[in-house]
Amino acid sequence: MPENHDAAPTPQSLRHVTVQTTADSAEAAEKLAAAVVDAQLAACAQVSEIRSFYRWKGEVHHEPEQSVTFKTTASAAPALQQLLQELHPYEEPEIIVQPIIAGSPGYLEWVSDNSRGRER
């Protein structure tokens, strides 16, 4: 039977998430990435240089930033978010959680095995 790509994700497929944040320097981003992975709240973190355009306190800014994306389980995401809130240098950090609706089974198993709040 052909796959239905329009079907809604199943609960089983929503066990994994990415959590995204930004930081103002490579050092700050790497500190956040290392702290989260060391705490086993994510299996990995990827740091990338970006340029952000945003409005803050009534003014438009455009600044270089670092984007940090964490791969983790849905059950570990709340603790990960809390740690980011505690460690983040920004007054109001971006913390966005997005579901992973599909992925390679072996990779997602590795994410589960290396994130607290393991889900199977």
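Predicted model, so just to flag it, every value in this text is computed and none were measured.

Chemist: I'm lost on the packing of aromatic side chains in this one. Help?
Modeler: Think of a pair of aromatic rings as described by two things: how far the centres are apart, and how the planes are tilted against each other in angle. If you walk through the whole model with that rule in mind, you get 1 aromatic pair. A centroid spacing of 5.5 Å and a plane angle of 40° characterise the contact between tyrosine 107 and tryptophan 110, whose relative ring orientation is tilted. Residue tyrosine 107 and its partner tryptophan 110 are located together in helix α3 (residues 105-113), separated by 3 residues, close to a single helical turn. For tyrosine 107, a relative accessible area of 33% corresponds to the partly exposed category. The class of tryptophan 110 is partly exposed, set by a relative accessible area of 36%.

Chemist: Looking at this model, I keep getting lost on α3. Mind explaining?
Modeler: Owing to its 3.6 residues per turn, the α-helix aligns residues three or four sequence positions apart on the same side. Taken together, the buried positions of α3 are Leu108, Val111 and Ser112. The buried residues of α3 occupy an angular sector of 100° when the element is viewed end-on, so they sit on one face. Along its buried surface, α3 packs onto β1 (16-23) and β3 (59-73).

Chemist: In this structure, what is going on with the sheet that holds β1? I would like to understand it.
Modeler: Backbone hydrogen bonds are what pair the strands of a sheet, in a parallel or an antiparallel way. Reading across from one edge, β2-β3-β1-β4 is the order of the 4 strands in this open sheet, with antiparallel pairing throughout. On the outer flanks of this sheet lie β2 (44-56) and β4 (96-99), each paired with one strand and no other. The sheet shows a mean angle of 30° between the axes of neighbouring strands, taken without regard to direction. Of the pairings in the sheet, the one linking β1 to β3 comprises 8 bridges and is antiparallel in character. Bridge pairing in β3 places threonine 22 opposite serine 67.

Chemist: Where do I start with the pairing of β2 in this structure?
Modeler: Remember that side chains alternate between the two faces of the sheet whenever the strand is regular. The pairing of β2 with β3 spans 13 bridges and is classified as antiparallel. Opposite tyrosine 54, over in β3, you have histidine 61 as the bridge partner.

Chemist: Looking at this structure, how should I read the pattern of salt bridges?
Modeler: Working definition: two side chains of opposite charge can pair if their charged atoms are close together. Under the defined criterion, the tally for this structure stands at 1 salt bridge. Between lysine 57 and glutamate 91 there is a salt bridge, with its nearest N and O atoms 3.2 Å apart. Placement of the pair is lysine 57 in the loop between β2 and β3 and glutamate 91 in the loop between α2 (77-87) and β4, with a sequence separation of 34 residues. Considered together, lysine 57 and glutamate 91 belong to a single accessibility category, that of exposed residues.

Chemist: Could you clarify how one ought to interpret helix α1 (residues 26-38) in this entry?
Modeler: Its 13 residues give α1 an end-to-end C-alpha distance of 18 Å, which sits within 8% of 18 Å, the value for a rise of 1.5 Å per residue. Every buried residue of α1 is accounted for by Ala28, Ala29, Leu32, Ala33 and Val36. Across the axial projection of α1, the buried residues extend over an arc of 135°, all falling on one side. Away from its buried face by more than 90 degrees, α1 exposes Glu27, Lys31 and Asp38. Against β1, β2, β3 and α2 lie the buried residues of α1. Glutamine 40 lies just past α1 and shows a positive phi near 60°.

Chemist: Help me out: how do you make sense of the nonpolar core in this one?
Modeler: A general feature of soluble globular proteins is that nonpolar side chains tend to end up buried together. Counting residues in hydrophobic clusters, the biggest one holds 17 residues, and the most contacted among them are Val19, Val36, Phe70, Leu80 and Leu84. Of the residues forming this core, the biggest block, 5 residues, is contributed by α1. In this structure, valine 19 is in contact with Val68, Thr69, Phe70, Thr72, Ala77, Leu80, Leu84, Ile95, Ile96 and Val97, ignoring residues within four places of it in sequence.

About the criteria used
- Residues numbered from 1 in each chain as written.
- Predicted model: local features only at pLDDT ≥ 70, side-chain atom pairs only at ≥ 80, totals over all residues.
- Heavy atoms only, no water.
- Phe/Tyr/Trp six-rings, centres within 6.5 Å; stacked < 30°, edge-to-face > 60°.
- Helix = DSSP H or I, 4+ residues; strand = E, 2+ residues; numbered from the N terminus.
- Buried < 20%, exposed > 50% of the residue type's maximum accessible area, 1.4 Å probe, protein only.
- Arc of directions from axis to C-beta.
- Contact = heavy atoms within 4.5 Å.
- Pairing = 2+ DSSP bridges.
- Axes fitted to C-alpha atoms, helices over the stretch in contact; angles between N-to-C directions.
- Salt bridge = Lys/Arg side-chain N within 4 Å of Asp/Glu carboxyl O.
- Expected span 1.5 Å × (residues − 1).
- Core = buried A, V, L, I, M, F, W, Y, C linked by side-chain atoms within 4.5 Å.

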